[in-house]
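# Descriptive analysis of the structure
So you can see what is in the structure, the chains are spelled out below.
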Amino acid sequence: SKIEIINQDGVLVAVATQSGAVMALVGGRGYAETAFNRAVQNNRQVGSAFKPFTLAAGLESGDRAGNPVTLGSYWDGSSPARIECTTPCPPDGTHWTVSNAGGSSGKGLRTLDSATYNSTNTVYARLVNAIGAEAVVDMAYKLGIESPLSPYLSITLGAQDVSPLEMASAYSTLANFGVRNDHYLTERITDRFGEVLYEHQPEPREVVAPQVAATVVGSMEKVVSQGTARRADIGRPQAGKTGTTTDHSNVW
């Protein structure tokens, strides 16, 4: 038997947290071969890698009824979740049905912290409905996403397209505890005499309270130590979030 894998490609972007400098950018197999840079030109769905933005939005503003959202707050993890939409729904009706990955029933209550590092879709579907999809869009823009986003509930599961460079920038803002530095590629330009014609000047600005960002990062550390990314544990402190779209067409 023969297994053939076609159109498989990989991308990597590394951004210096405290400056926004793009330290490494791999856009695919090779520009000479494809004439296409997937890191900046190819927006893709990010799956559950978008959940930290929903978490940050909930921690920052609470739900629409004025109740606080914390990592210790309990949410219904049962699957499937049938959400009666109060913000734009899928085009097929007034309800949005969400199931957990792998057919897990997820019965019972679980903390938002546990739902984050175990990537429980049904909890995040109920969370985005409680806080409003608009809050998630606003948070994503504040952190560093630049592509157009629509306030649909499915945004919490990464159903909209963004670039790897945008995701690296937004995650960098969280890693910098809420201080955003716009990403940049050119550090300095000089002429042939060594005269500096241009030099980038970072403009750091706090876009999210450090307590909120630190809380998100703390939960993302558990993704690696005890959650869905345990195989990425290299024995040193790190934070992250897995993301997988339908049929593993995109894996983050």
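Refer to the preceding data block for the structure.
Before going into details, it helps to say that this report is about the structure given with it. Please read these numbers as outputs of a predicted model, since none were measured by experiment. (Residues numbered from 1 in each chain as written. Predicted model: local features only at pLDDT ≥ 70, side-chain atom pairs only at ≥ 80, totals over all residues. Heavy atoms only, no water.)

## Some thoughts on the overall build of the chain
What counts, and what does not: The helix and strand labels rest on DSSP assignments: H or I over at least four residues marks a helix, E over at least two residues marks a strand, and numbering proceeds from the N terminus. Note on method: radius of gyration uses C-alpha positions; expected globular size equals 2.2 Å times residues raised to 0.38. Relative accessibility thresholds used throughout: buried, under 20% of the residue-type maximum; exposed, over 50%; partly exposed, between the two (1.4 Å probe, protein chains only). Pairs of residues are marked as contacts when any of their non-hydrogen atoms sit within 4.5 Å. Accessible surface area values rest on a Shrake-Rupley calculation with a 1.4 Å probe, where residue burial reflects the displayed protein chains alone.
The helix and strand tally for the chain stands at 8 helices and 12 strands. In terms of overall size, the chain behaves like a compact globule, its C-alpha atoms giving a radius of gyration of 19 Å where 252 residues would be expected to give roughly 18 Å. Taken along its principal axes, the extent of the C-alpha atoms in the chain is 70 × 55 × 40 Å. Counting over 252 residues, the chain shows a buried share of 43%. In the chain, the share of contacts with a sequence separation of at least 24, taken over all contacts with a separation of at least 6, comes to 63%. On the chain, roughly 13,500 Å² of surface is accessible, and the fraction owed to carbon and sulfur atoms is 50%.

## Details of the packing of aromatic side chains
Stated formally: Pairing of aromatic rings covers Phe, Tyr and Trp, the last through its six-membered ring, and needs centres within 6.5 Å; plane angles under 30 degrees mean stacked, over 60 mean edge-to-face, and all others mean tilted.
Overall, the coordinates contain 2 aromatic pairs when judged by the stated rule. Both rings, one in Phe 50 and one in Phe 53, keep their centres 4.7 Å apart while their planes meet at 80 degrees; by these two values the pair is edge-to-face. Across the pair, Phe 53 and Phe 50 agree in class, each one buried. An aromatic cluster is defined as three or more aromatic residues linked by ring pairs; in this entry it consists of Phe 50, Phe 53 and Tyr 171.

## Overview of the side chain of Arg 126
Our working definition: Polar contacts here mean pairs of N or O atoms no more than 3.5 Å apart (in protein, one a potential hydrogen donor and the other a potential acceptor; neighbouring residues in sequence count only if both atoms are side-chain atoms).
If you trace the backbone, Arg 126 turns up in helix 5 (residues 121–131). Given the relative accessible area of 17%, Arg 126 is considered buried. There is a polar contact of 2.7 Å between the side chain of Arg 126 and the backbone oxygen of Asp 76. At 3.1 Å, the side chain of Arg 126 forms a polar contact with the backbone oxygen of Ser 78. Look past the residues within four positions of Arg 126 in its chain and what remains in contact with it is Trp 75, Asp 76, Gly 77, Ser 78, Pro 80, Ala 81 and Ile 83.

## Some remarks on the pairing of strand 5 (residues 81–84)
Spelled out, the test is: For two strands to be treated as a pair, DSSP must find no fewer than two bridges joining them.
Side chains Ala 81 and Ile 83 project from strand 5 onto a buried face, and the interleaved Arg 82 and Glu 84 project onto a face without burial. Pairing analysis gives 4 bridges linking strand 5 to strand 6 (residues 95–98), with the strands arranged antiparallel. Bridged to Arg 82 within strand 6 is Thr 97.

## Quick word on the nonpolar core
Here is the rule we go by: By nonpolar core is meant a set of buried Ala, Val, Leu, Ile, Met, Phe, Trp, Tyr and Cys residues that side-chain atoms within 4.5 Å join together.
Judged by nonpolar contacts, the single largest core of 45 residues is most densely connected at Phe 50, Phe 53, Trp 96, Leu 112, Ile 145, Leu 149 and Leu 174. When residues of this core are traced back to their parent elements, those giving at least two are helix 3 (51–61), strand 5, strand 6, helix 4 (112–117), helix 5, helix 6 (133–143), helix 7 (164–175) and helix 8 (210–225). Leu 174 has contacts with Pro 52, Phe 53, Leu 143, Ala 213, Val 216, Val 217 and Met 220, leaving out every residue within four places of it along the chain.

## A few points about the environment of Thr 246
Mapping Thr 246 onto the fold places it in the segment after helix 8. When its relative accessible area of 62% is taken as the criterion, Thr 246 is described as exposed. Residues Thr 246 and Ala 159, spaced 87 residues apart in sequence, show a C-alpha to C-alpha distance of 10.0 Å.

## Some remarks on the layout of surface pockets
Rolled over the atoms, a probe as big as a water molecule pinpoints where empty space is left. Condition: Here a cavity is any set of points on a 1 Å grid over the protein atoms alone where a 1.4 Å probe fits but cannot get out, and a pocket is any open set with protein on both sides within 12 Å along at least 5 of 7 lines; a residue lines the site when it has an atom within 4 Å of a point. Grid points are joined across faces, edges and corners, and a volume is the space filled by probe spheres set on the points. Gly is placed with the polar residues, together with every amino acid not listed as nonpolar (Ala, Val, Leu, Ile, Met, Phe, Trp, Tyr, Cys and Pro) or charged (Asp, Glu, Lys and Arg).
Taken as a whole, the largest pocket spans an internal volume of roughly 1,500 Å³. Around the largest pocket, the lining comprises 43 residues; the ones closest to its centre are Val 11, Leu 12, Lys 241, Val 251 and Trp 252. Ranked by the residues each element gives to the lining of the largest pocket, the list is headed by helix 7, at 7 residues. Its residues assigned to classes, the lining of the largest pocket shows 24 nonpolar, 13 polar and 6 charged. Here the second largest pocket defines a volume of roughly 470 Å³. The wall of the second largest pocket is formed by 21 residues, among which Ser 48, Ala 101, Asn 121, Thr 244 and Thr 245 lie closest to the centre.

## Details of the pattern of salt bridges
Heads up, the rule is: Whenever Lys or Arg places a side-chain nitrogen within 4 Å of a carboxyl oxygen from Asp or Glu, that contact is recorded as a salt bridge.
With the rule as written, the count across this model stands at 7 salt bridges. Its salt-bridge partner being Lys 142, residue Glu 60 comes within 2.9 Å of it at the nearest N-O pair. Taken together, the positions of Glu 60 in helix 3 and Lys 142 in helix 6 put the pair 82 residues apart, joining distant regions of the chain. On the accessibility criterion, Glu 60 (38% relative accessible area) is partly exposed. For the salt bridge of Asp 182 with Arg 180, the shortest nitrogen-to-oxygen distance reads 3.0 Å. The class of Arg 180 is buried, set by a relative accessible area of 11%.

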